[in-house]
Amino acid sequence: MTIATSKKLNPEWKVIIFMVILHVGALFALLPSNFSWAAVGIAVFLHWVTGGLGITLGFHRLVTHRSFETPKWLEYFLVFCGTLACEGGVIDWVGSHRMHHLYSDHELDPHDSNKGFWWSHMGWMLFARPPKADIERLTQDIGKDPVYQFCQDYFILVQFALGGLLFLLGGWPFVVWGVFVRIVAVFHCTWLVNSATHKFGYRTFDCDDASTNCWWVAVLTYGEGWHNNHHAYQYSARHGLQWWEIDQTWMTIQLLQALGLAKKVKLVPTTK
């Protein structure tokens with residue numbers, strides 16, 4: 001795996017140290033004293049809350065692509081859930097992803113898959129974060145919202161608050177599994193959308209990039225693995241377009257529709 005770039009790579013040391021701390025912290029789950037089924041259950045539940053409701057439903061389909069609308073209180077709730085995933089500030093996340101779609105698998109794509117699997121999976125954030133000016137330009141719709149600004153600036157602080165709550169509920173096993181293991185798991189599941197779904201799987205649509213539909217990534221990311229479909233129809237709230245392309249997040253949006261909490265849902269006019 002090579003990184004095909006002539007630019008000098010400057011390490012983002014704050015990000016690197018942050019990643020090392022989280023991954024080392026997750027290793028403490030191997031200690032018998034830190035294991036309990038309740039702790040594992042907390043990790044699985046929070047994986048869904050932060051990765052499914054937060055990142056996939058909130059950050060991605062709702063905020064980044066505006067594929068449907070919700071009441072503002074629900075939008076803020078989903079954004080807060082995504083903030084607990086600890087994948088950086090929401091404004092940076094949304095701006096980077098919008099940039100990815102603008103320049104997918106070309107030089108200006110933050111995680112251009114042509115630079116190798118490792119680069120698109122996580123290397124890009126360790127060495128080449130998108131310029132702040134580009135992020136600001138692509139997030140003018142949310143950049144001045146005080147709730148978004150809070151989630152952008154204090155995503156680590158709220159994680160400490162969650163860790164404190166988990167400690168009170170179940171001691172260190174809840175912290176190790178509910179914070180460290182869960183965060184690392186959500187990280188790598190999310191990053192597989194940038195890496196694996198530009199390398200493995202099948203293509204239904206002839207997009208100007210390497211996006212693919214990958215079933216096992218879809219399982220891990222609540223439906224985000226149908227990435228070629230998504231790149232063909234970025235605005236669509238539904239990513240799994242065939243009957244076998246199970247899309248858990250689309251099912252959640254359908255539930256919100258039934259409850260009157262999701263409106264103006266955008267879909268592909270016809271499916272193949």
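Residues numbered from 1 in each chain as written. Predicted model: local features only at pLDDT ≥ 70, side-chain atom pairs only at ≥ 80, totals over all residues. Heavy atoms only, no water.

1. Notes on helix 7 (residues 146-153)
One turn of the α-helix equals 3.6 residues, which is why residues spaced by three or four share an orientation. Along helix 7, the residues that are buried comprise Tyr148, Cys151 and Gln152. The arc that holds the buried residues of helix 7, viewed along the axis, is 105°, so those residues lie on one side. Across from the buried face of helix 7, at angles greater than 90 degrees, the exposed residues are Pro146 and Asp153. Those residues of helix 7 hidden inside the fold are in contact with helix 2 (37-64), helix 3 (72-83), helix 4 (90-102) and helix 8 (155-195). Sitting at the amino-terminal end of helix 7 is Asp145, which places a side-chain oxygen 2.9 Å from the backbone nitrogen of Val147. (Buried < 20%, exposed > 50% of the residue type's maximum accessible area, 1.4 Å probe, protein only. Helix = DSSP H or I, 4+ residues; strand = E, 2+ residues; numbered from the N terminus. Arc of directions from axis to C-beta. Contact = heavy atoms within 4.5 Å. Polar contact = N/O pair within 3.5 Å; in protein donor to acceptor, adjacent residues only side chain to side chain.)

2. As for unusual backbone geometry
A positive phi angle, close to 65°, is found at Cys86, a residue other than glycine. Relative to the helices and strands, Cys86 resides in the loop between helix 3 and helix 4. Cys86 sits in the buried class, given a relative accessible area of 3%. Of note, the phi angle at Tyr222 is positive, near 60°, even though the residue is not glycine. Here Tyr222 is to be found in the loop between helix 9 (215-220) and helix 10 (227-232). Classification of Tyr222 as buried rests on a relative accessible area of 15%.

3. Structural notes on the nonpolar core
Counting residues in hydrophobic clusters, the biggest one holds 31 residues, and the most contacted among them are Met19, Met125, Leu126, Leu166 and Trp177. Contributions of two or more residues to this core are made by helix 1 (13-27), helix 2, helix 5 (117-127) and helix 8. Broken down by element, the residue count for this core peaks at 14 residues, all from helix 8. The contact partners of Met125, leaving out residues within four places of it in the chain, are Glu12, Val15, Met19 and Trp191. One finds Leu62, Val79, Ala85 and Val186 within the second-largest nonpolar core, a separate group that totals 26 residues. (Core = buried A, V, L, I, M, F, W, Y, C linked by side-chain atoms within 4.5 Å.)

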